[in-house]
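Fold and contact review
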Amino acid sequence: MNFDTHKYEYWIVSIIITLLAIFYVVLGGHYLVSYQNSDLIIHLDRVLGLGGVWFHPINFKTFAQIGDGINYFYPWLTLYPAYVLVRLTHSLVVGMGIFIIWINILTGLIAYYSSKSIFHNKLVALTFSVLYIFTTYRSLDLYRRFDIGEFIAMTFIPLTVSALYQIIVCDKQRWVMLAIAMALILYSHLLSLVLCGVAGALEVIALYSLSQNKWGGIKQLIKAVVLWFLLGLGFLIPCIQQRQLGVAMPFKAWLPNMTLPVKQMIINGLSNSLGNNKDIIVSLGVLCTLICVTGIFLRKKSRIEWRFLIVGIVLALMMTKLFPWKLFGHLLDFIQFPWRFGEVAVIFLLLFGVSWLLRRKHPYVIAGILIIASLCSFVIRTQRLNACANSSIIVTSSRNLCNPPRLFLPVDYQLQKAVLNETGIVQHRFMDGKSNIQPEVEIAPSQVTVISKRTTSELDTPFEAYKGVFAKESSGKVLSSGVSSRGTLLIKQVKRGEHIVVTSRYTLAARIAQLISLITLISCWGFWVKNRRRILY
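These figures come from a predicted structure and were not determined experimentally.

1. Focus on the sheet that holds strand β9 (residues 499–504)
As summarised here, the arrangement of the four strands in space is β3-β4-β9-β6, forming an open sheet in which the pairing is antiparallel. The open sheet has two free edges, formed respectively by β3 (440–443) and β6 (469–473), since each of these has just one partner strand. Within the sheet, the average angular offset between the axes of one strand and its neighbour, ignoring direction, is 20 degrees.

In structure tokens form, the structure reads like this:
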């Protein structure tokens, strides 16, 4: 009996990728280690703060228990499975470990489909998929910086590259796929969406001359943008609403000062290092660095390979001092670090490199060497990083994360007035006029119960007054409230012994936006089911 590899293709690929995803976590070392300049505590607190987020956007247990509105500004939809796994396993480490494995499996399968739809070669697709999972930039995101949002977003970026290629070059109807991929990036990491938009624009420019239906491709792109907007409304509207209150935005950097010298970027790439406990080493990785430096001199490149290489090199140059960032002024300062473009540069460089290398003689041997070298370099760089970690700061439970020390309270996206009065707010000072009072307080994730010990006309609470934060009686009657001079919730006409519940809800505009996104998603699902075979093949 002959074994039909085509019939079981994705089963075989799934098994290989699953084993490698487990390898990624088990041999990657202590993946929940906090280093200097790492966002580990912030993002783990975000995970723990997602309880009740579908109905109550504010979690009062996390981030110093002041009702921080981080869920309005950090996309959380694709992170939510991590919260579910943490609760199911009753362990932060086990839950996050399973989540990372799941993200790697999804990343590998999407990378496989994306590269196969471009090159129509199973070996190229599998090799690209494995190399992409173990690329240095993804290791940096997870093990050194713990930028979990960017790590998740990188799962969907290859799908946008593939969808654009199929729209422009193949004239296939992939605008729905493009819109959904971009929406998933939006719901994972905002900056990744910007970087992906820049990379997508470069890809369209590079491939446009190969288009068989130029106007048809433009129409598909327009439809994709409209569909993406409708899918993204559920996050965009609440975010914009809250920003109008005046919040402390993340710092903006003068990009020319944040770029890497070309020599340093090459040295970093060849060093196969993620840095140490104090310093971060940013690079494209050994393979992508070699491709970037030598790719232009390699001969016999196909038209598609040429274009992917050029886009990859341009994106890599945007990380360095060779790129004229001064011409853009302060327009893109919110990116903070130009080396973030490595997130998208590695995809185009790998697509070119894997395709070019596997067109040589003995492609299976070359693929095997590339995969083994990639796994070995991954183990070396993560173990070197673990060697300089302080074991005493390895996070092994969620016990201490529900009340993080003030050091880990992020200023980003707090109300400006609250930032100016942060000390009293973090210390949970309730105020009656200018005097401090201390009512009885019981804090739960989605609400806070306050029992005043005296009658007061105005109770200034330490909970930040985002839109949708309100106070009610235990019976459910909404109390009259306003915003204090500290930027916190001010409850009026409070009676002694009265049980007051402070909680949060999405505004009407936010709920309408979420409903629009949900209806749009259901419509897309119906469209996919109806046209399943045509969309995939």
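Here the narrative resumes, following the displayed structure.
2. Some thoughts on empty space enclosed by the protein
Considering all chains together, one arrives at one cavity of 30 Å³ or more under this definition. Volume-wise, the largest cavity comes out at about 30 Å³. Residue lining of the largest cavity: Ile157, Thr160, Val161, Leu164, Cys196, Ala199, Gly200, Glu203, Val344 and Phe348, and that is the complete set. Put simply, the parts of the chain that give the lining of the largest cavity at least two residues each are α9 (157–168), α11 (190–207) and α17 (342–357). The class makeup of the residues in the lining of the largest cavity is seven nonpolar, two polar and one charged.

3. Topic: the packing of helix α15 (residues 286–294) against α17
Contact geometry of α15 with α17 gives a least axis separation of 9 Å together with a crossing angle of 75 degrees. What the angle tells us is that α15 and α17 run roughly perpendicular. Between α15 and α17, the residues in contact are Leu287, Cys288, Ile291 and Cys292 and Val346, Leu349, Leu350, Phe352 and Gly353, respectively. Here the residues of the contact of α15 with α17 are counted per class, giving eight nonpolar, one polar and no charged.

4. Points about the pattern of salt bridges
All told, the structure shown has nine salt bridges when counted by the stated rule. Residue arginine 145 is joined to aspartate 147 by a salt bridge in which the shortest nitrogen-to-oxygen separation is 3.2 Å. Of the residues examined, aspartate 147 reaches a relative accessible area of 5% and is grouped as buried. The partner of glutamate 150 in a salt bridge is arginine 145, with the nearest N and O atoms 3.4 Å apart. One salt-bridge network, in which partners are shared between bridges, spans Asp141, Arg145, Asp147, Glu150 and Arg340.

5. Re helix α2 (residues 40–48)
Across the nine residues that make up α2, a large majority, nine, are buried. If you check which residues of α2 are buried, you get Leu40, Ile41, Ile42, His43, Leu44, Asp45, Arg46, Val47 and Leu48. Residues of α2 that are buried in the fold lie against α3 (70–73), α4 (80–89), α5 (92–119) and α8 (148–153).

6. What to know about the nonpolar core
In this structure, Met96, Leu284 and Phe308 are the most contacted members of the largest nonpolar core, which totals 165 residues. Among the elements that take part in this core, α5 stands out by supplying 13 residues, more than any other. The contact partners of leucine 284, leaving out residues within four places of it in the chain, are Thr135, Thr136, Met265, Thr289, Cys292, Ala316, Met319, Gly342, Ala345, Val346 and Leu349.

7. Describing the environment of valine 494
Position of valine 494 relative to the elements: it lies in strand β8 (residues 488–494). For the pair valine 494 and arginine 429, spaced 65 residues apart in sequence, the C-alpha to C-alpha distance is 16 Å. Those residues in contact with valine 494, other than ones at most four positions away along the chain, are Ser452, Arg454, Thr455, Thr456, Leu459 and Ile500.

8. Notes on the packing of aromatic side chains
Tallying each qualifying case throughout the model produces 31 aromatic pairs. Summarising the aromatic geometry, the rings of phenylalanine 73 and tyrosine 413 are spaced 4.6 Å apart at their centres and angled 5 degrees between planes, so their arrangement reads as stacked. In this pair, phenylalanine 73 is assigned in helix α3 and tyrosine 413 in the loop between α18 (363–387) and α19 (416–420), connecting sequence segments 340 residues apart. The exposure class of phenylalanine 73 is buried, given its relative accessible area of 2%. Seen from their ring centres, tyrosine 74 and tyrosine 413 are 5.8 Å apart, and the 90 degrees between their planes marks the pair as edge-to-face.

9. Points about the packing of helix α16 (residues 303–317) against α17
Interhelical geometry of α16 versus α17 gives an angle of 145 degrees and a closest axis separation of 8 Å. In this structure, the crossing between α16 and α17 has a hand that is left-handed. Mapping the contact onto sequence places Glu305, Phe308, Leu309, Val311, Gly312, Ile313, Leu315 and Ala316 in α16 and Val344, Ala345, Phe348, Leu349, Leu351, Phe352, Ser355 and Trp356 in α17. The class makeup of the residues in the contact of α16 with α17 is 13 nonpolar, two polar and one charged.

10. What about the pairing of strand β4 (residues 447–451)?
Counting buried positions along β4 gives four out of five residues, so the element sits mostly inside the fold. As paired strands, β3 and β4 are joined by four bridges and run antiparallel to one another. Pairing of valine 441 across the sheet is with valine 450, part of β4. Hairpin connection of β3 to β4: three residues between the antiparallel strands.

Cut-offs and rules
- Residues numbered from 1 in each chain as written.
- Predicted model: local features only at pLDDT ≥ 70, side-chain atom pairs only at ≥ 80, totals over all residues.
- Heavy atoms only, no water.
- Pairing = 2+ DSSP bridges.
- Helix = DSSP H or I, 4+ residues; strand = E, 2+ residues; numbered from the N terminus.
- Axes fitted to C-alpha atoms, helices over the stretch in contact; angles between N-to-C directions.
- 1 Å grid on protein atoms, 1.4 Å probe; cavity = no way out; pocket = protein on both sides within 12 Å on 5 of 7 lines; lining within 4 Å.
- Points joined across faces, edges and corners; volume = space filled by probe spheres on them.
- Nonpolar A, V, L, I, M, F, W, Y, C, P; charged D, E, K, R; others polar.
- Parallel < 35°, antiparallel > 145°, perpendicular 65-115°, else oblique.
- Contact = heavy atoms within 4.5 Å.
- Salt bridge = Lys/Arg side-chain N within 4 Å of Asp/Glu carboxyl O.
- Buried < 20%, exposed > 50% of the residue type's maximum accessible area, 1.4 Å probe, protein only.
- Core = buried A, V, L, I, M, F, W, Y, C linked by side-chain atoms within 4.5 Å.
- Phe/Tyr/Trp six-rings, centres within 6.5 Å; stacked < 30°, edge-to-face > 60°.
- Left-handed = near helix turned anticlockwise from the far one by under 90°.

Just distances and angles here, no functional claims.
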